[in-house]
Amino acid sequence: MHDDRRLVEERLERALRERIRPATYAATVPLQLAVWRVPGEPVPATEALTAGYEPFATGTRWGAPWSTSWFRATGAVPAEWAGRRVEAVIDLGFVGDWPGNQAEALVHDLDGRPIKGVAPRNQYVPIANPARGGEQVDLLIEAAANPDILAGGFVPTPLGDRLTAGDQPLYTFTRADLAVLDEEVWHFGLDVDVLSELMAELSEGDPRRHEILRALERSLDVLDLTDISGSAPAARAELAGVLSRPAHASAHTIHAVGHAHIDSAWLWPQRETIRKTARTFANVTALAADYPQFMFACSQAQQYAWVKEHQPEVYRRMQDAAKAGQWLPVGGQWVEADGNLPGGEALVRQIVHGKRFFLDEFGTECQGVWLPDSFGYTAAYPQLARLAGMRWFLTQKISWNQTNRFPHHTFWWEGIDGSRIFTHFPPADTYNGTLEGSELAHAVRNFSDKGGSTRSLLPFGHGDGGGGPTREMLERARRLRDLEGSPRVEITSPDVFFTAAQEEYADAPVWSGELYLELHRATFTSQARTKAGNRRSEHLLREAELWAASAAVHSASSGGFDYPYDELDRLWKLVLLHQFHDILPGSSIAWVHREAEATYAQVKTDLEAVIARAVRALLGDGPRPWVLNAAPRDRAEVVADPDGRATQVVAPAHGAVALDVPETVPDSAAVRVGDTWLDNGLVRVEFDGDGLLTSVRDLHAGREVLAPGTFGNLPQLHTDLPNHWDAWDVDRHYRRLVTDLTDADSVTVVETGPLSGAVRVERSFGRSRLTQTVRLTAGSRRIDVLTELDWHEQERFLKAAFPLDLHADRTAAEIQFGHVHRPTHTNTSWDAARFEVYAHRWIHAGEPGYGVALLTDSTYGFDAGRATRDDGGTTTTVRLSLVRGPRSPDPEADQGTHRFGYSLLPGATIADAVAGGYAFNLPLRVVTGGTSAPEPLVTADGDGVAIEAVKLADDRSGDVVVRLYECLGGRAATRLRPAFPVRGVQLTDLLERPLEIQEPPLDPDGTVPLDLRPFQVLTVRLAR
Ligand SMILES: [Zn+2]
């Protein structure tokens, strides 16, 4: 046979483009439009119903950036359309390739009830099927002029904030019609799409490819190009044979589930997400009514809560769809949080609040973690997920790795404590699937676990305001259920997929440790004030819960203190929302980060008020000064008393100590200060005329901490323009361009002992100013660097370097409930790709017998490496990442004032680092109160265990809940010491539900002995 394959394919393409698709709507009539432009922020439909509208014509510009226009569309269904399927078709002037991230609308009826969303790839609104003919149509279209922030690529744009976006209209209203959907033509187009896409993926040597080609050719032969509607049934009949051929026995199975990835804020503010979810969820519930087999997996409890509050009608439809088994709450988290930076307790609360919401509202116990899009995943997840009763984990983001291909798609993921969770990366490499032929074929080709496993998951649907799944996707799925040459496509729930996948592949390979994303490494640093807000809020929440629980228990007999359940619940959820994977990582527009900073300031005010009330209830009123220690370790520190005088105190863990007996410092422990040095008998710090540390001597260990000839706390300024994704990425080449900021404007001794000594160093560079106070206090090895940075650099990356005289093979970095080790060398491509990493409160570098810790109170990013010196020694350099200045999507990111601290702790073990991390982030609190203070509410013995949270139980029973963990990576035997009578002890899951395991004993003295495995997290419920 002559090979005319290309000729037939081109014939098909033209017929599809020019004749078949345009014939999908058999007839159209325009609707009449009128407009009301909302003067400010969005309003509810009730307000739009009574507004004054003025005439509007298609072809007219509309929509200043971020503005809302309500369009009223009216008309009548022509009598001759009786019996047909009639829809409205609306094109707001959609532009570009993105299915979301631009103009969108929610269409309401004249009672203000939402009908359906309208988006670039989902433009219809059902009117009648079958139509009677003559019915009046009256629609209210709430159209949002959201700008496409990345339309020009990663270039600075003022569009990312209402305050800077200007008032020029963005869109031209293109179409508002009533139309008849010709179902035969529509189905014919879908038949052709599915077959031609499948054909294109088959090899030229495959007979099936040619069978499909000839069937399509015969179909074109019988299609009358002047009467598509009339000839479509005959043309479809020619395709029935090839569409009915069953899949190969060994065909891969794709478990498809509808989804709409909606970022809780990103290139739009939170208020727009509230509307995006309503639009998309209205689409989904409409689709669920039309397609009983359709299932939709929906994560992020926060988005449900928004819809419940703002669109109760849509929410009721969601609950109905859930009852019908079509709407599936998944993920069990409050938002799809960043996978690295949330603190331990915050990650627990993401899961607790997410799971509980879905349980309370939908009766659904979420089985798995759903995080397709976060930027890497902490090795704490497997244990936390298991402790919340979850059994699977889903992401696909690691497919974005710049360097290394991850070896598995289905595997057991093992966390730092050894917990394992069954994990899947959809091999289609997307969470916005469309079920097109190329996507399905890629999934099969790409799937790494063929031979061991026969199935994969594919979430399909347009995200971010694109409207979610479409009816076309469901029609594709129907045709692809069992089709020769294609993977089988089944619509199932993720739970069903994971059960089947685990059953057939129980011996799946194991990946141990963090899932590091070899991309988006700048998300550990970008938008530093947002990150500082998160860190400080997390620690204020810890304090608020601790002191409120202490006050509630200790003043119970005196009728004292109402634990502020509702207030803490509200504040936790605010902080959890801001851990969303484009807010905390710093990858959102200016509007989002401006609001985040304001929210964190309010959260601080509100939590300080909670703490003040609790402390007053705990200590009573009075003038006596007290010091409160919210950290889980006893600590000796220097504090300023209410009169500003420095005093040394020893404060018990979770307790208070009176400050009225000034400690005198023995000469041997006093801080002595010279022109170029600070010395407290434990550590001696020397600095040069530019304020750079030239020596840090550990006097107890008798060794120098800094590598010879280097400077400690050296600020280094890099040029930092990544190849793509400015706020997200720092590319390896940034390291090649660096300026050491060695020059100081002034170096001034500002504290001269005996309790503290400090030198203030001021540097200016570019248009910026860095002011650092380097402080040493009596009795402590900690060298604090308190920083105020007035930052006006852009496309720069500021680091603080500590070159240490250490032969360290690896660093330890704190993560949630433990730490991870990462090598300091770059032997493999995997090691080399981790050139920028993160830690929570501390980083530790050490060699046998000696270590050094760096503590942070606001920042997360760092890098570590090592070099061999001419003298044969090894320099291990740890550099803290302080601030960047990306210009997209927020052109003014990070500009302005930053206040943060970090601290060098010589001679530190991991236990010292753990204690130091808590202490540095939970400054001692000086207050005034009555004459006595109660005992610490609850403590745990030993360095191997840390208490992460103390609170009253969420069920409001008054029970005390303590979350603790083994923090050194070994075994620990501890004893929990409650300062109140305990009626019973129970180990619970993260949701404070009893675990079906042996209850720990309650000893006669009221203490609770506990044994913990390495990095084990325990939640202990103490009944009062
Ligand atoms: Zn996302």
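This one's a predicted model, so the numbers in the text were calculated from it and none came from an experiment. (Residues numbered from 1 in each chain as written. Predicted model: local features only at pLDDT ≥ 70, side-chain atom pairs only at ≥ 80, totals over all residues. Heavy atoms only, no water.)

S.K.: What's the story with the overall build of the protein chain in this structure? I'm lost.
M.R.: Along the protein chain, the regular secondary structure elements total 19 helices and 54 strands. By principal-axis analysis of the C-alpha atoms, the protein chain measures approximately 105 × 70 × 60 Å. When the 1024 residues of the protein chain are sorted by exposure, 63% land in the buried category. Once local pairs closer than 6 in sequence are excluded, the contacts in the protein chain between residues at least 24 apart make up 75%. Within the protein chain, one finds 103 positive and 139 negative side-chain charges whose respective centroids are separated by 1 Å. (Helix = DSSP H or I, 4+ residues; strand = E, 2+ residues; numbered from the N terminus. Buried < 20%, exposed > 50% of the residue type's maximum accessible area, 1.4 Å probe, protein only. Contact = heavy atoms within 4.5 Å. Lys, Arg positive; Asp, Glu negative; His and termini not counted. Charge placed at Lys NZ, Arg CZ, Asp CG, Glu CD.)

S.K.: Got a minute to help me understand the nonpolar core in this structure?
M.R.: Inside soluble globular proteins, nonpolar side chains tend to come together where they are buried. Trp 327, Leu 976 and Leu 1022 are the most contacted members of the largest nonpolar core, which has 251 residues in total. Contact partners of Trp 327, with chain neighbours within four places excluded, come to Phe 281, Val 284, Thr 285, Phe 296, Cys 298, Tyr 304, Met 318, Ala 321 and Ala 322. In this structure, Ala 73, Phe 94, Ala 176 and Leu 178 belong to the second largest nonpolar core, which totals 31 residues. (Core = buried A, V, L, I, M, F, W, Y, C linked by side-chain atoms within 4.5 Å.)

S.K.: Can you help me understand the sheet that holds strand β52 (residues 984-988) in this one?
M.R.: Two strands in a sheet stick together by hydrogen bonds in their backbones, pointing the same way (parallel) or opposite ways (antiparallel). The sheet built from 4 strands is open, its strands ordered β49-β50-β54-β52 with antiparallel pairing. Sheet topology places β49 (945-952) and β52 at the edges, where each strand pairs with a single neighbour. Adjacent strand axes in the sheet meet at a mean angle of 25°, parallel and antiparallel pairs treated alike. Note that strand β50 (residues 960-966) and strand β54 (residues 1017-1023) share 6 bridges and pair antiparallel. Its bridge partner lying in β54, Val 962 is registered against Val 1020. (Pairing = 2+ DSSP bridges. Axes fitted to C-alpha atoms, helices over the stretch in contact; angles between N-to-C directions.)

S.K.: Help me out: how do you make sense of empty space enclosed by the protein in this one?
M.R.: Enumeration over the complete set of coordinates arrives at 7 cavities of 30 Å³ or more. Roughly 200 Å³ of internal volume is contained in the largest cavity. What lines the largest cavity is a set of 23 residues, among which Gly 344, Glu 538, His 539, Arg 841 and Glu 948 lie closest to the centre. Mapped onto the lining of the largest cavity, the elements with two or more residues apiece are α10 (344-362), α15 (528-554), β39 (810-815) and β49. (1 Å grid on protein atoms, 1.4 Å probe; cavity = no way out; pocket = protein on both sides within 12 Å on 5 of 7 lines; lining within 4 Å. Points joined across faces, edges and corners; volume = space filled by probe spheres on them.)

S.K.: Looking at this structure, how should I read the pairing of strand β53 (residues 1008-1012)?
M.R.: Note on strand geometry: in a regular strand, side chains alternate between the two faces of the sheet. Residue alternation in β53 divides its side chains into a buried set, Val 1008, Leu 1010 and Leu 1012, and an unburied set, Pro 1009 and Asp 1011. Where strand β51 (residues 972-978) lies against β53, 5 bridges are found, and the strand directions are antiparallel. In the sheet register, Leu 976 faces β53, and the bridge partner there is Val 1008.

S.K.: Where do I start with the coordination of the zinc ion in this structure?
M.R.: Within the protein, the zinc ion binds to His 261 (NE2), Asp 263 (OD), Asp 373 (OD) and His 581 (NE2); these donor distances fall in the range 1.9 to 2.1 Å. Taken together, the 4 donor atoms coordinating the zinc ion span angles of 88 to 164° at the metal, a pattern that classifies the geometry as irregular. (Donors = N, O, S within 2.8 Å, 3.2 Å for Na, K, Ca; no water. Tetrahedral: all angles 85-135°; square planar, octahedral: opposite > 155°, others 65-115°.)

S.K.: Help me understand the pairing of strand β21 (residues 488-491) in this model?
M.R.: The alternating pattern of β21 places Val 489 and Ile 491 on a buried face, while none of Arg 488 and Glu 490, on the opposite face, is buried. Where strand β13 (residues 253-258) and β21 come together, 4 bridges link them in parallel fashion. When the bridges of β21 are listed, Ile 254 appears paired with Val 489.

S.K.: When you look at the packing of aromatic side chains in this model, what are you seeing that I'm missing?
M.R.: Both the distance between ring centres and the angle between the ring planes are used here to describe each pair of aromatic rings. Applying the stated rule across the entire model yields 44 aromatic pairs. A centroid spacing of 6.1 Å and a plane angle of 65° characterise the contact between Tyr 304 and Phe 357, whose relative ring orientation is edge-to-face. With Tyr 304 in helix α8 (residues 301-310) and Phe 357 in helix α10, this pair connects stretches of sequence that are 53 residues apart. With 6.5 Å between their ring centres and 25° between their planes, Phe 900 and Tyr 902 make a pair best called stacked. Taking the relative accessible area as the measure of exposure, Phe 900 reaches 9% and is therefore buried. You can call Tyr 902 buried: its relative accessible area is 1%. An aromatic cluster is built from Phe 281, Phe 294, Phe 296, Tyr 304, Tyr 315, Trp 327, Trp 334, Phe 357, Phe 358 and Phe 362, whose rings are joined through pairwise contacts. Arg 684 extends its terminal NZ or CZ atom over the ring of Trp 677, reaching a point 4.4 Å from the ring centre. When the ring centre of Tyr 918 is taken as origin, the NZ or CZ atom of Arg 841, which lies over that ring, is 4.1 Å away. (Phe/Tyr/Trp six-rings, centres within 6.5 Å; stacked < 30°, edge-to-face > 60°. Lys NZ or Arg CZ within 6 Å of the ring centre and 35° of its normal.)

S.K.: What should I look at first to understand helix α3 (residues 183-201) in this one?
M.R.: An α-helix turns once every 3.6 residues. As a result, residues three or four positions apart point the same way. The terminal C-alpha atoms of α3, which comprises 19 residues, lie 27 Å apart, in line with the 27 Å expected from a rise of 1.5 Å per residue. Where burial is concerned, most of α3 is hidden: 15 out of the 19 residues are buried. (Expected span 1.5 Å × (residues − 1).)

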